[in-house]
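What the coordinates show
The primary structure of each chain is shown beneath.
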Amino acid sequence: MDAELDRGRGFVLLRDFPVQDHSEGACTRAYWALGRHMGRAISQNTDGDLIGHIRDTGADPTAYGVRLYRTRAEQDFHTDGADVIGLFCLHAAKSGGVSRIVSSPAIYNRLLAERPDLAPVLFEPFPFDTQGQHKPGGRPWFDLPLCRYADDRLRTFFIPWYIRESQQHAETPRLTRAQEEAVAFIERTANDPSLYLDMDFRPGDMQFLKNAAVLHKRTEYEDWDDPARKRHLLRLWLVDPNFSAGDERLRKGVAAG
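What counts and what doesn't
Residues numbered from 1 in each chain as written. Predicted model: local features only at pLDDT ≥ 70, side-chain atom pairs only at ≥ 80, totals over all residues. Heavy atoms only, no water. Helix = DSSP H or I, 4+ residues; strand = E, 2+ residues; numbered from the N terminus. Rg over C-alpha atoms; globule rule 2.2 N^0.38 Å. Buried < 20%, exposed > 50% of the residue type's maximum accessible area, 1.4 Å probe, protein only. Contact = heavy atoms within 4.5 Å. Areas by Shrake-Rupley, 256 points an atom, 1.4 Å probe, with all protein chains shown as cover. Lys, Arg positive; Asp, Glu negative; His and termini not counted. Charge placed at Lys NZ, Arg CZ, Asp CG, Glu CD. Pairing = 2+ DSSP bridges. Axes fitted to C-alpha atoms, helices over the stretch in contact; angles between N-to-C directions. Salt bridge = Lys/Arg side-chain N within 4 Å of Asp/Glu carboxyl O.

Some thoughts on the overall build of the chain
Looking only at helices and strands, one finds 5 helices and 16 strands in the chain. Taking 2.2 N^0.38 as the reference for a compact globule, 257 residues should give roughly 18 Å; the C-alpha atoms of the chain span a radius of gyration of 18 Å, in line with that estimate. Counting over 257 residues, the chain shows a buried share of 51%. Considering only residue pairs separated by 6 or more positions, the chain has 79% of its internal contacts joining residues 24 or more positions apart. Approximately 11,900 Å² of the chain is accessible, and the part contributed by carbon and sulfur atoms is 50%. Between the centroid of the 34 positive side chains of the chain and the centroid of its 38 negative side chains there is a distance of 2 Å.

So, the sheet that holds strand S14 (residues 214-218)
On the basis of which strands lie adjacent, the open sheet formed by 4 strands has the order S4-S14-S7-S12 and antiparallel pairing. On the outer flanks of this sheet lie strand S4 (75-78) and strand S12 (197-199), each paired with one strand and no other. The mean inter-strand angle of the sheet, taken between neighbouring strand axes irrespective of direction, is 20°. Here strand S7 (residues 99-103) pairs with S14 via 5 bridges, running antiparallel. Across the sheet, residue Ser99 finds its bridge partner in S14, namely Arg218. Packing against the sheet, helix H3 (residues 104-114) makes contact with S7 and S14, and its axis sits at approximately 50° to S7.

Some details on the pattern of salt bridges
Summed over the entire model, instances satisfying the criterion amount to 16 salt bridges. The partner of Arg177 in a salt bridge is Glu181, and the shortest N-O contact between them spans 3.2 Å. Of this pair, Arg177 and Glu181 both sit in helix H5 (residues 177-190), 4 residues apart, which is roughly one turn of the helix. Overlapping salt bridges, with partners in common, bring together Arg115, Asp117, Arg177 and Glu181 in one network.

Here's the deal with unusual backbone geometry
Unusually for a residue other than glycine, Asp16 sits at a positive phi of about 75°. Relative to the assigned elements, Asp16 resides in the loop between strand S1 (11-14) and helix H2 (24-38). One non-glycine residue, Gln131, lies in positive phi territory at about 60°. Among the structural elements, Gln131 can be located in the loop between strand S8 (125-129) and strand S9 (141-145). We classify Gln131 as buried; its relative accessible area is 9%.

Here it is as C-alpha cells:
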C-alpha cells in the first residue's frame, strides 16, 4: 500500500471492514494497528489527539478557529499536516459528506499551460493563519510555499482559507495580486469535474491519501436525527519513513480539517 500511495495513484480506498460486528473501541484499535504498520501517528491539534473523531458537534463553521471537521459544512480543497491522511468511516451521513480528491500535480500542469506567469509564485512563501494554535507570544501566522520539489517530485501544501484569514493580522505580510490569483486558480481548477474523483463513504471504508500529491475536500452533509446513526469517521495523520514530504512545521498541529 505504501508503494501505491508514494509512487502510484496517491490514494487507496479499502472497503467492507465489518464495523457492524464490532464495538467502536474494537474498530478504533483495529484502525490504529493498521495505521501503525504504515507509519508513525502524530498529533492533529494542540490537544495532542492521535486519533481524530470527525463528526458534527454543532459548532458554528463561520466562527474563527472552529475546525470544520466538527461541523456539517463543506470543506473546500486543501491539504493537512502529515505524509499520509487516513479516514475510517464508522457511520455515514444521511446524505452528502462526499469525499472529493484531486491530483495537485494535475492542477500544477494546468497552471503551467494556462498561467505560466504564476508558476514561480507558488514557490514563494505564503502566509497561513495559525487559527489560534500558536504558542503564547508567538506569531499568529506562519509562512510556507504552496509548492516545492523533493526527490525531483512536486510537493504541495494548500489551505486557502488559512491564507486569507492570515490577513486579519496587521503584522502579516499582505498578499500580492499574483498570490491571490494563484490561490483562486488552484481553487477553481481543483473544482473542475474533469479532474476530481468522488468517494461516497460507506461504513467500513478506509481511505488513505498522500498529502503532498492529493488535495481533498468534503461536501456539506445532512445528518441523521438518531445520535447512534450520526456520521462518524476516525482520522489518522501518519508520518511514513518511506516518504520524503516532510517539513517539520507541517507536523506540529497544522490542520485544516
